[in-house]
Amino acid sequence: MTPSPPLLSLRDELPPDTESTPLLNDSTTPVPAALNHEEVYQRFSPAQKRMLVALVSASGVLPLFVSGTFIPSIPQIAKDLKSTGPIVSLAVSVSIFAASLGGLTGSSYSTFYGRRPVYLVTVPLLICGSVGVALSINIQQLMIFRFIQALGASPGMSVGAGVLGDIYKLEERGGAMGVFFAAILVGATLAPLAGGAAAHYASWRILQFSLGVFGLISFIFTLFFLPETSHPGSRGIEKQAASGKPLPQWRPVILNPLSPLWMLRSPNLFFVSLSGYLVLLTNYVLLIPIAYTIGVRYGIANEAIIGACFLPSGVGHLIGAPLAGRMSDKIVARSRAKRGGVWYPEDRLKATLAGALFFVPVSVLVSGLLTEYMNSKVGLSLNLFFLFLNGMGVDIVLSPSSAYFVDLMHSRSAEAMAANNGFRAMIQSLTITAILPMVNTYGVVVTNTIAAVLGWVAFVMIWTTIRYGSQLRAVVDVGFSTADSN
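Keep in mind it's a predicted model, so treat the numbers as computed, not measured.

Colleague: Please explain the overall build of the protein chain as it appears in this structure.
Modeller: Within the protein chain, the secondary structure is distributed over 20 helices and zero strands. Relative to the globule expectation of 23 Å for 486 residues, the C-alpha radius of gyration of the protein chain, 22 Å, shows essentially globular dimensions. Taken over the C-alpha atoms alone, the protein chain extends approximately 65 × 55 × 35 Å along its principal axes. In the protein chain, which comprises 486 residues, the share counted as buried stands at 57%. Restricting to contacts in the protein chain with at least 6 residues of sequence separation, those with at least 24 account for 85%. Roughly 19,000 Å² of accessible area belongs to the protein chain as shown, and the carbon and sulfur atoms make up 70% of that amount. One finds the centroid of the 31 positive side-chain charges in the protein chain at a distance of 7 Å from the centroid of its 23 negative side-chain charges.

Structure, rendered in structure tokens:
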């Protein structure tokens, strides 16, 4: 496969390397549109933008906190509901599937009605689901209310990313996305510790009630302080009203929640999404069975201490996300300036390469070997270090990859993020149920080695997307944005 010309061009001749085959500005765009493009990002002051980042980050904490608090509690929940760890862990898959469906649905309706209405409709589902989980008396009830809980929490990630795409322009977006991911991953860092501490010192049920209270607080702040951020005239309801088509009076419009997944027929988006899944899978391989791998190997039975073992991975997330976001912004700005203003979208993905090649696969591989062969405090300490390395590597890949989705599909940024997250979540809901049984059957070394190999496959897919981005985009155009629309 050899490089080919870009989809759009401002120049007649460019050097024949990948850095000179970008998705270029449309030379036919009139000057007034360019001015409007700048003005649309000036609707909110820097202080207002920071407030909006804080608000959507608080909502973004919810899905990660819902999932993160549950995993350390699995042994106690299994005992309380007279079940087994592998059966209770199915609730993780149920919640991931629900999060996928909820994210896709929420993003589709946020494109039509706007960001704010989606938050106001879905957060109450989280509140009801959390109370239901807390009151569950059997596995069936647990599964049903976990589904509702995750469904209500799920739009926090995709719609939150859409809000950032609404208020930050191209050269600022990676840094904003990095801050967003870092902020919401505070929840991922604290959730396992909170879940373990609640299970050991109080009850996992009390924690679930607490999630409902947190959801209520989030709802109140959203109701009073979150404005609509969609670009004027961009919402489906505005376009339909302008066209004279009638809207239903007694119900919302019916949208296909799976339609955003059709974007993934683009090889670029599919490769980046699939590579994100493979990278994130290594994190699940390390964390989901942690009570049965690191916990058993090093004699840790206290749920609070098991929860504390998640902290290094969370700290890695906190460092990796903003670091990669800022680095990707610098790469985009530097590469674009080098070409005289020409934009090649895949430049942003260069910030992911170190994480995909080294941090992610090496950390999961070495952790498996340490758990199997080093039964000492040194082994535990090294394991925690590689959990940190994995957490940092995962977000070095995921943060720029998410910004890449928003860049490339800016007019449908929330849907693009939902397609990305939803596709990954659907596969995860099917595959992570096999992690604990695989560890029990084949051992931690075999399981982690397979995860490491899949991590290297992710690197190859990202490299291919960077190297042949223009050719892959030319295969099918799913409505890619240009520099003028970013």
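Colleague: I keep staring at the nonpolar core and nothing clicks. Help me out?
Modeller: Note that soluble globular proteins tend to have their nonpolar side chains buried in a common cluster. With 102 residues, the main nonpolar core has Leu 142 and Leu 269 as its most contacted residues. Per-element accounting of this core gives the leading share, 12 residues, to helix 11 (residues 267–287). Beyond its immediate chain neighbours, meaning those up to four positions away, Leu 142 contacts Phe 70, Ile 77, Leu 81, Val 88, Ala 91, Val 133, Ser 136 and Trp 204. Counting seven residues, the second-largest nonpolar core is a separate cluster that includes Phe 359, Phe 386, Met 392 and Ile 396.

Colleague: Would you take a moment to explain the packing of helix 11 against helix 17 (residues 413–431) for this structure?
Modeller: A pair of packed helices is captured by two measures, namely the crossing angle of their axes and the spacing between those axes. In contact at an axis separation of 9 Å, helix 11 and helix 17 are set at 45 degrees when each is read in the N-to-C sense. Looking at the two axes, helix 11 sits oblique to helix 17. Helix 17 is crossed by helix 11, and the crossing has right-handed handedness. Residues Phe 270, Ser 273, Leu 274, Gly 276, Tyr 277, Leu 280, Leu 281 and Tyr 284 of helix 11 lie in contact with helix 17, whose contacting residues are Ala 419, Asn 420, Phe 423, Arg 424, Ile 427, Gln 428 and Thr 431. Grouping the constituent residues of the contact of helix 11 with helix 17 by class yields nine nonpolar, five polar and one charged.

Colleague: Quick question: what am I supposed to make of the layout of surface pockets here?
Modeller: Vacant regions in the atomic arrangement are exposed by a probe of water-molecule size rolled over the atoms. Roughly 260 Å³ of internal volume is contained in the second largest pocket. What lines the second largest pocket is a set of 13 residues, and nearest its centre among them are Thr 105, Gly 106, Tyr 109, Val 121 and Thr 122. Of all the secondary structure elements, the ones that give two or more residues to the lining of the second largest pocket are helix 4 (85–113) and helix 5 (115–134). Among the elements that make up the lining of the second largest pocket, the one with the highest residue count is helix 4 (six residues).

Colleague: How do you make sense of the pattern of salt bridges when you look at a structure like this?
Modeller: A side chain with one charge may pair with a side chain of the opposite charge, provided their charged atoms come close. What the rule picks out here adds up to 10 salt bridges. Asp 329 is the partner of Arg 348 in a salt bridge, and the nearest nitrogen-oxygen pair spans 3.0 Å. With Arg 348 in the loop between helix 14 (311–338) and helix 15 (353–373) and Asp 329 in helix 14, this pair connects stretches of sequence that are 19 residues apart. Classification of Arg 348 by relative accessible area gives buried; the value is 0%. A network of salt bridges, in which partner residues are shared, links Arg 173, Asp 329, Arg 348 and Asp 407.

Colleague: So what exactly am I meant to see when it comes to the side chain of Ser 110 here?
Modeller: Here Ser 110 is to be found in helix 4. Not counting the four nearest positions on each side in its chain, Ser 110 is found in contact with Arg 115, Val 118, Val 159, Ser 230 and Ala 414.

Colleague: Explanation requested: unusual backbone geometry in the structure shown.
Modeller: What you tend to see is this: most non-glycine residues have negative phi, and most peptide bonds are trans. A positive phi angle is found at Lys 82, which is not glycine, with a value near 55 degrees. In this structure, Lys 82 sits in the loop between helix 3 (74–80) and helix 4.

Colleague: So what exactly am I meant to see when it comes to empty space enclosed by the protein here?
Modeller: All told, the structure shown has six cavities of 30 Å³ or more when counted by the stated rule. A volume near 810 Å³ is recorded for the largest cavity. In terms of lining residues, the largest cavity is bounded by 38 residues, among which Pro 63, Leu 64, Ser 67, Leu 280 and Tyr 284 are the most central. Looking at the lining of the largest cavity element by element, the count peaks at six residues for helix 17.

Colleague: I keep staring at the confidence of the model for the protein chain and nothing clicks. Help me out?
Modeller: On average, residues of the protein chain score 84 in pLDDT, and 91% of them are at 70 or above. Within the protein chain, no element has a lower average pLDDT than helix 1 (residues 31–40), which sits at 57, and none a higher one than helix 19 (residues 444–467), at 96. The low-confidence segment residues 1–35, where pLDDT is below 50, has 66 contacts with residues more than four positions distant or belonging to other chains.

Colleague: Hey, could you run me through the packing of aromatic side chains in this one?
Modeller: Each aromatic ring pair is summarised here by two numbers: the centre-to-centre distance and the angle between the ring planes. Within this structure, the stated rule accounts for 10 aromatic pairs. Where Phe 112 meets Tyr 113, the ring centres are 4.9 Å apart and the plane angle is 75 degrees; that geometry is what we call edge-to-face. In this structure Phe 112 comes out as buried when scored by relative accessible area, which is 10%. For Tyr 113, a relative accessible area of 21% gives the class partly exposed. Aromatic ring contacts, followed pair by pair, group Tyr 109, Phe 112 and Tyr 113 into a single cluster. If you follow Lys 49 out to its NZ or CZ, it ends over the ring of Tyr 168, 5.2 Å from the centre. Positioned above the aromatic ring of Phe 70 is the side chain of Arg 146, whose terminal nitrogen or guanidinium carbon lies 4.1 Å from the ring centre.

Colleague: Could you clarify how one ought to interpret the packing of helix 7 (residues 155–167) against helix 17 in this entry?
Modeller: With their axes 8 Å apart at the nearest point, helix 7 and helix 17 run at an angle of 145 degrees to one another. Seen along the crossing, helix 7 lies across helix 17 with a hand that is right-handed. Residue-level contacts link Met 157, Ser 158, Val 159, Ala 161 and Gly 162 of helix 7 to Ser 413, Ala 414, Met 417, Ala 418 and Asn 421 of helix 17. A class-by-class count of the residues in the contact of helix 7 with helix 17 yields six nonpolar, four polar and no charged.

Colleague: It is not clear to me how a nonpolar patch on the surface should be interpreted in this structure. Could you clarify?
Modeller: A cluster of nonpolar side chains, Met 51, Val 213, Leu 216, Ile 217, Ile 220, Phe 221, Leu 223, Phe 224 and Phe 225, forms an exposed patch at the surface whose accessible area comes to about 850 Å². Considering each element in turn, the nonpolar patch owes the most residues, eight residues, to helix 9 (residues 204–225). Within the secondary structure, Phe 225 is located in helix 9. By relative accessible area, Phe 225 is classed as partly exposed at 45%.

Definitions and cut-offs
- Residues numbered from 1 in each chain as written.
- Predicted model: local features only at pLDDT ≥ 70, side-chain atom pairs only at ≥ 80, totals over all residues.
- Heavy atoms only, no water.
- Helix = DSSP H or I, 4+ residues; strand = E, 2+ residues; numbered from the N terminus.
- Rg over C-alpha atoms; globule rule 2.2 N^0.38 Å.
- Buried < 20%, exposed > 50% of the residue type's maximum accessible area, 1.4 Å probe, protein only.
- Contact = heavy atoms within 4.5 Å.
- Areas by Shrake-Rupley, 256 points an atom, 1.4 Å probe, with all protein chains shown as cover.
- Lys, Arg positive; Asp, Glu negative; His and termini not counted.
- Charge placed at Lys NZ, Arg CZ, Asp CG, Glu CD.
- Core = buried A, V, L, I, M, F, W, Y, C linked by side-chain atoms within 4.5 Å.
- Axes fitted to C-alpha atoms, helices over the stretch in contact; angles between N-to-C directions.
- Parallel < 35°, antiparallel > 145°, perpendicular 65-115°, else oblique.
- Left-handed = near helix turned anticlockwise from the far one by under 90°.
- Nonpolar A, V, L, I, M, F, W, Y, C, P; charged D, E, K, R; others polar.
- 1 Å grid on protein atoms, 1.4 Å probe; cavity = no way out; pocket = protein on both sides within 12 Å on 5 of 7 lines; lining within 4 Å.
- Points joined across faces, edges and corners; volume = space filled by probe spheres on them.
- Salt bridge = Lys/Arg side-chain N within 4 Å of Asp/Glu carboxyl O.
- pLDDT = per-residue confidence, 0-100.
- Phe/Tyr/Trp six-rings, centres within 6.5 Å; stacked < 30°, edge-to-face > 60°.
- Lys NZ or Arg CZ within 6 Å of the ring centre and 35° of its normal.
- Patch = residues over 30% accessible without salt bridge, like charges linked within 9 Å, V, L, I, M, F, W, Y side chains within 5 Å.

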